[in-house]
Amino acid sequence: MDIKKLKLYRDKCYINGEWINANSKENISVNNPASLEEIGTVPKCGKDETILAIESAQKAFPEWKAKSARERSNILRKWFELIIKNQEELAQIMTIEQGKPIKEARGEITYGASFVEWFSEEAKRVYGDTIPDPMTDRRIIVLKQPVGVVAAITPWNFPSSMITRKCAPALAVGCPVVIKPASQTPFSALALAALAEEAGFPKGTINVITGKASEIGEELSTSPIVRKLSFTGSTEVGKILLQKCSSTVKKVSMELGGHAPFIVFDDADINEAVVGAMQSKFRNTGQTCVCANRIYVQEKVHDEFCEKFIEAVSKLKVGEGLDEEVSSGPMIDEHSLAKVEEHVEDAVQMGAKVAIGGARHSLGKNFYQPTVLTGVTPKAKITFEETFGPVAPVYKFKDEKEVIELANNSPYGLASYFYSRDIGRIWRVAEGLEYGMVGVNTGLTSKAEAPFGGIKESGLGREGSKYGMEDFLEIKYINMSGLDK
């Protein structure tokens, strides 16, 4: 499929309501990770274009925040309806540039649209407080106001939903946004901008800029005009951005790396645990920050789980994402593939056994076989480094105390999962796991209504839910006196 023939295909940046090229006239090549072929180019913008986008957002801020909550809600609702209406084409664009199976891409479009719908409704529910003052002639008033220009830096693994999850709450409360999508997947972002333009967002309210990550990130994180930066990506880059944002003391949301434990206790429904492990581990070819990175199975049910899990993995069909039968697509690039190979080789050298997979796929290019490793040692790299690929390491454990210690032995604290039918154990383990999100008897936890985010080195702040509004708001306290005269 030629992406350029799709009506939502855009190959220019969107700044201040206009589609523009880079001043330098340079472009970035975008390749299909399944075929390795170039599918198009986008402008290689830098500092000058970033400043223009920021200033355009700042000019749009007074008009946008002055609109009533209902007006902003109606425009967001229109954007949601357009996304749903164009779901198939948005999914095709995503699969072509990112590689994920088309069925997953359709699911991501629906998931991403759910944030726009949710926050279109929440726009009307930004409440303040009236607090009784100790002095009878006074009242304490608390208002919540939009923070200002918001910068959103989004990743390649979820190129649509990470934009809506960040931008919908910002726009709902009255903040304009400047979006920097990943260079591997810019067309999904630009397609959403085209639909936002159609929905009726004022000029400058939504800006999408592609180009040099270092230059754009530097300007977004140090500009005094940008009052909030939301980033999804690696912990290493997140720490750099945090340092840069400190120069202007701007608000930040950081959704960083993860290394999720997936625990199967001996009282679990093993069939359901296998389903959950497949959903968590192999979605998006294992390229998610919340996927199961360490699968701990209690001794009594270890062999049964492994047998059923390996059988399920054997049924995955690897191939190009536009094939309706494919359930596992390519890795995003050669670098990611090499990291998966390194982790598997290291684990095997330390005694792990390859139960299935364990090598590049016969399709070549960026394809890797869905893999299960058993007997993995805690000293293997895969135990403490995020693999970001279709490899599931399985570990055996004895008791609850041991597995909680193993699960928590990580600098990351994003997502975690466990399967059990003992209500006492469910409470103990859920409260004992040092993670921002815990899935109990489920491998899928993300939804617009729930707060998404981690603790420790997995990040700051929350996205989604009513809590996802707060990071885009400032609290203003007003003390009103002289009320007895």
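Everything below is about the structure shown above.
(A) Here's a closer look at the overall build of the chain. Per the secondary structure count, the chain includes 15 helices and 22 strands. Rg of the C-alpha trace for the chain: 23 Å, near the compact-globule value of 23 Å for 485 residues, within the 12% margin. Along the first, second and third principal axes, the C-alpha atoms of the chain reach 75 × 60 × 40 Å. Long-range contacts, defined here as pairs at least 24 residues apart, represent 73% of the contacts in the chain between residues at least 6 apart. Between the centroid of the 60 positive side chains of the chain and the centroid of its 65 negative side chains there is a distance of 4 Å.

(B) Expanded view of the packing of helix H3 (residues 87–98) against helix H4 (residues 102–122). Relative to each other, H3 and H4 sit at 125 degrees, their axes nearing to 8 Å. Put simply, H3 runs oblique to H4. Every pair of crossing elements has a handedness; the one defined by H3 and H4 is right-handed. Each of Gln 87, Glu 88, Leu 90, Ala 91, Gln 92, Met 94 and Thr 95 in H3 lies in contact with H4, whose residues at this interface are Ile 102, Ala 105, Arg 106, Glu 108, Ile 109 and Thr 110. Considering only residue class, the contact of H3 with H4 consists of six nonpolar, four polar and three charged.

(C) Quick peek at the pattern of salt bridges. On inspection of all chains with the given rule, the structure shows 27 salt bridges. With a closest N to O distance of 2.8 Å, Arg 428 and Glu 400 form a salt bridge. Of this pair, Arg 428 sits in helix H14 (residues 423–432) while Glu 400 is found in helix H13 (residues 400–408), placing the two residues 28 residues apart along the sequence. Judged by its relative accessible area of 14%, Glu 400 falls in the buried class. Connected through salt bridges with shared partners, the residues Asp 266, Asp 267, Glu 400, Arg 425 and Arg 428 form a single ionic network.

(D) Examining the packing of aromatic side chains more closely. The full count for this structure, using the stated rule, is 13 aromatic pairs. Measuring from centroid to centroid gives 5.0 Å for Tyr 9 and Phe 187, while their planes differ by 40 degrees, and the two rings are tilted. In this pair, Tyr 9 is assigned in the segment before strand E1 (13–15) and Phe 187 in helix H6 (residues 186–199), connecting sequence segments 178 residues apart. Under the relative-accessibility criterion, Phe 187 is labelled buried at 1%. Ring centres 5.8 Å apart and planes at 90 degrees place the aromatic pair Trp 156 and Phe 388 in the edge-to-face group. In this pair, Trp 156 sits in the loop between strand E7 (149–153) and helix H5 (161–173) while Phe 388 sits in the loop between helix H12 (381–384) and strand E16 (391–397), placing the two residues 232 residues apart along the sequence.

(E) Looking closely at the environment of Ser 114. Relative to the helices and strands, Ser 114 resides in helix H4. The exposure class of Ser 114 is partly exposed, given its relative accessible area of 21%. For the pair formed by Ser 114 and Ala 448, sequence separation is 334 residues and the distance between their alpha carbons is 6.1 Å. Polar contacts involving the side chain of Ser 114 include one to the main-chain carbonyl oxygen of Tyr 111, which spans 2.5 Å.

(F) How the structure looks around the sheet that holds strand E15 (residues 371–374). Sheet architecture is open: seven strands sit in the order E14-E15-E16-E13-E12-E18-E19, paired in mixed fashion. Single-partner strands in this sheet number two, and they are strand E14 (353–356) and strand E19 (437–440). In this sheet, neighbouring strand axes are inclined to one another by 25 degrees on average, regardless of whether the strands run parallel or antiparallel. Pairing geometry for strand E12 (residues 260–264) and strand E13 (residues 292–298), over five bridges, is parallel. Following the sheet pairing, Ala 260 is matched in E13 by Ala 292. Its contacts with the sheet place helix H10 (residues 299–314) against E12, E13, E14, E15 and E16, and it is angled at close to 135 degrees to E13. On top of the sheet, H14 reaches E13, strand E18 (415–419) and E19; it is set at about 165 degrees to E18, its chief contact.

(G) Molecular detail of unusual backbone geometry. At Asn 16, a position not held by glycine, the phi torsion is positive, near 55 degrees. With a relative accessible area of 28%, Asn 16 lands in the partly exposed category. For Ser 465, which is not glycine, the phi dihedral falls at a positive 65 degrees. The topology assignment puts Ser 465 in the loop between strand E21 (459–460) and helix H15 (467–470).

Rules behind the numbers
Every residue gets a number counted from 1 within its own chain, in the order that chain's sequence is written. Totals for whole chains, interfaces and linings use all residues, but because this is a predicted model, local features are given only for residues with pLDDT of at least 70 and pairs of side-chain atoms are given and counted only at 80 or more. Note that the side-chain values use all heavy atoms of the structure and ignore hydrogens as well as water. Every helix listed is a DSSP run of H or I at least four residues long, and every strand listed is a run of E at least two residues long, numbered separately from the N terminus. For a compact globule the rule gives 2.2 Å times the number of residues to the power 0.38, and the radius of gyration it is set against comes from C-alpha atoms. Note on contacts: a residue pair is in contact if any heavy atoms of the two residues lie within 4.5 Å. Positive charges come from Lys and Arg, negative ones from Asp and Glu, while His and the chain ends are left out of the count. Charge coordinates come from a single atom per side chain, which is NZ of Lys, CZ of Arg, CG of Asp or CD of Glu. To obtain an axis, a line is fitted to C-alpha atoms, over the contacting stretch when the element is a helix, and the angle between two such axes runs from 0 to 180 degrees between their N-to-C directions. These descriptions rest on fixed angle ranges, namely under 35 degrees for roughly parallel, over 145 for roughly antiparallel, 65 to 115 for roughly perpendicular, and the rest for oblique. The handedness criterion is simple: a crossing whose near helix is rotated anticlockwise from the far helix by less than a right angle is left-handed, and one whose near helix is rotated clockwise is right-handed. For this scheme, ten residues count as nonpolar: Ala, Val, Leu, Ile, Met, Phe, Trp, Tyr, Cys and Pro. Four count as charged, namely Asp, Glu, Lys and Arg, and the remainder, Gly too, count as polar. Put simply, a salt bridge is a Lys or Arg side-chain nitrogen that is within 4 Å of an Asp or Glu carboxyl oxygen. For every residue, the accessible area (1.4 Å probe, protein chains only) is compared with the maximum for its type, and the residue is labelled buried under 20%, exposed over 50%, or partly exposed between those bounds. By convention, a stacked pair of Phe, Tyr or Trp rings (six-membered ring in the case of Trp) has centres within 6.5 Å and planes under 30 degrees apart, an edge-to-face pair has planes over 60 apart, and any other such pair is tilted. For this analysis, a polar contact is any N or O atom pair within 3.5 Å, provided that within protein one partner can donate a hydrogen and the other can accept it, and provided that sequence-adjacent residues contribute only side-chain to side-chain pairs. Strand pairing requires that DSSP identify at least two bridges connecting the strands.

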